[in-house]
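Fold and contact review
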Amino acid sequence: MPYAFEQTPLWRRTLGEHSGDPHKVQRQALRSAYLQFRVAVEPLAAEIARSLPMFTDHSIAHIDALWDTASLVCGDTFPMNAAEAFVLGGSFLLHDLGMGLSSYQDGEATIEADPRFGELLARAWARLRRADPSASDEKVAMVAREESIAELLRLRHAAQAEILVTTAFQTSDGESFYLLQDTLLRQTFGSLIGRIAHSHWWDVNDLREFEQLQGSCVEHPTDWEVDPLKIACVLRLADAAH
């Protein structure tokens, strides 16, 4: 059964099936790769609510909804080819994924090794102790640690998103896998997808980094160039709108 986002105008005119499509094979490959990518991301996105239960929805439902808000942002005539839509969709999948501990291979150990952790912990401890002087040290320590980890997940999530598509994860059986399994697409677009996902937290002036077009994938039509600045702007607007 198709996902609801596959009925959005932006998906349908970029990655959806087209009657008499001269690029049917390439479009189908992108579509299949995106759906596989989404399946791999879904359990990591679901874990965010466990790591940060006090935050707004960052699940796969939020990610899927960005196709709808992006359709509203872009309208029916804004130019976007299938490769650009794939990169945009990949940035949807990754942009908040660093909010969950499961996006870090060493989990809490990585967060606690962050140089900022000690200062955040001390501040949280002092604030919690002032708020409830009668609380036990064990309780204050536990809550201070949880709050510090949550704050660092928030602070680090955009930068973490940048590396996830090119990071090899491991299954419970010890086998390595990538969130985006298609090797050619990962090598061609992986770093760009991660960088654009990271950019949703940048100062808007820093988006000028993306002014250079990226050439098409070797298996795609030559006019399927990717405009990173356009995609970064659509990601930012769609996310804010949702």
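For the structure given in this document, a descriptive report is provided here.

Procedures and definitions
Residues numbered from 1 in each chain as written. Predicted model: local features only at pLDDT ≥ 70, side-chain atom pairs only at ≥ 80, totals over all residues. Heavy atoms only, no water. Salt bridge = Lys/Arg side-chain N within 4 Å of Asp/Glu carboxyl O. Helix = DSSP H or I, 4+ residues; strand = E, 2+ residues; numbered from the N terminus. Buried < 20%, exposed > 50% of the residue type's maximum accessible area, 1.4 Å probe, protein only. Axes fitted to C-alpha atoms, helices over the stretch in contact; angles between N-to-C directions. Parallel < 35°, antiparallel > 145°, perpendicular 65-115°, else oblique. Left-handed = near helix turned anticlockwise from the far one by under 90°. Contact = heavy atoms within 4.5 Å. Nonpolar A, V, L, I, M, F, W, Y, C, P; charged D, E, K, R; others polar. Expected span 1.5 Å × (residues − 1). Bend = angle between axes of the 7 residues up to and from the residue. Core = buried A, V, L, I, M, F, W, Y, C linked by side-chain atoms within 4.5 Å.

Attention now goes to the pattern of salt bridges. Per the stated rule, a full pass over the model turns up 14 salt bridges. Its salt-bridge partner being Asp114, residue Arg156 comes within 2.7 Å of it at the nearest N-O pair. Note that Arg156 is positioned in helix 7 (residues 137-164) and Asp114 in the loop between helix 5 (108-112) and helix 6 (117-131), a separation of 42 residues in sequence. This pair shows no difference in class: Arg156 is buried, exactly as Asp114 is. Between Glu151 and Arg154 there is a salt bridge, with the nearest N and O atoms lying 2.7 Å from each other. One end of the pair, Glu151, and the other, Arg154, are both in helix 7, three residues apart, so they sit about a helical turn from each other. Since its relative accessible area comes to 26%, Glu151 is described here as partly exposed. Residue Arg154 is classed as partly exposed on the basis of its relative accessible area, which comes to 26%. Shared partners join several salt bridges into a network, and the residues in it are Arg38, Glu42 and Asp64.

Once that is clear, we can look at the packing of helix 4 (residues 82-94) against helix 9 (residues 228-241). Across the interface, helix 4 lies against helix 9 with an axial gap of 10 Å and an inter-helix angle of 45 degrees. Overall, the two elements helix 4 and helix 9 adopt an arrangement that is oblique. When the axes of helix 4 and helix 9 are compared, the crossing they make is right-handed. Here Glu84, Val87, Leu88, Ser91 and Phe92 of helix 4 lie close against helix 9, whose contacting residues are Lys230, Ile231, Val234, Leu235 and Ala238. Residue composition of the contact of helix 4 with helix 9, by class: seven nonpolar, one polar and two charged.

Taking 1.5 Å of rise per residue, 17 residues should cover 24 Å, and helix 8 (residues 183-199) covers 24 Å from first to last C-alpha, within 8% of that figure. Of all the bends in helix 8, the greatest, near 55 degrees, is centred on Phe189. Within helix 8, the full set of buried residues consists of Leu185, Arg186, Phe189, Gly190, Leu192, Ile193, Gly194, Ile196, Ala197, His198 and Ser199.

What follows is about the nonpolar core. A general trend in soluble globular proteins is that nonpolar side chains are found buried together. Counting residues in hydrophobic clusters, the biggest one holds 52 residues, and the most contacted among them are Trp67, Phe86, Phe92, Leu94, Leu179 and Phe189. When residues of this core are traced back to their parent elements, those giving at least two are helix 1 (9-14), helix 2 (24-51), helix 3 (60-74), helix 4, helix 7, helix 8 and helix 9. If we ignore the near neighbours within four places in the chain, the residues touching Leu179 are Gln36, Phe37, Ala40, Val41, Leu44, Leu94, Leu97, Leu164 and Phe169. The next biggest cluster of nonpolar side chains, apart from the first, holds eight residues, and it includes Tyr104, Ile111, Leu152 and Leu153.

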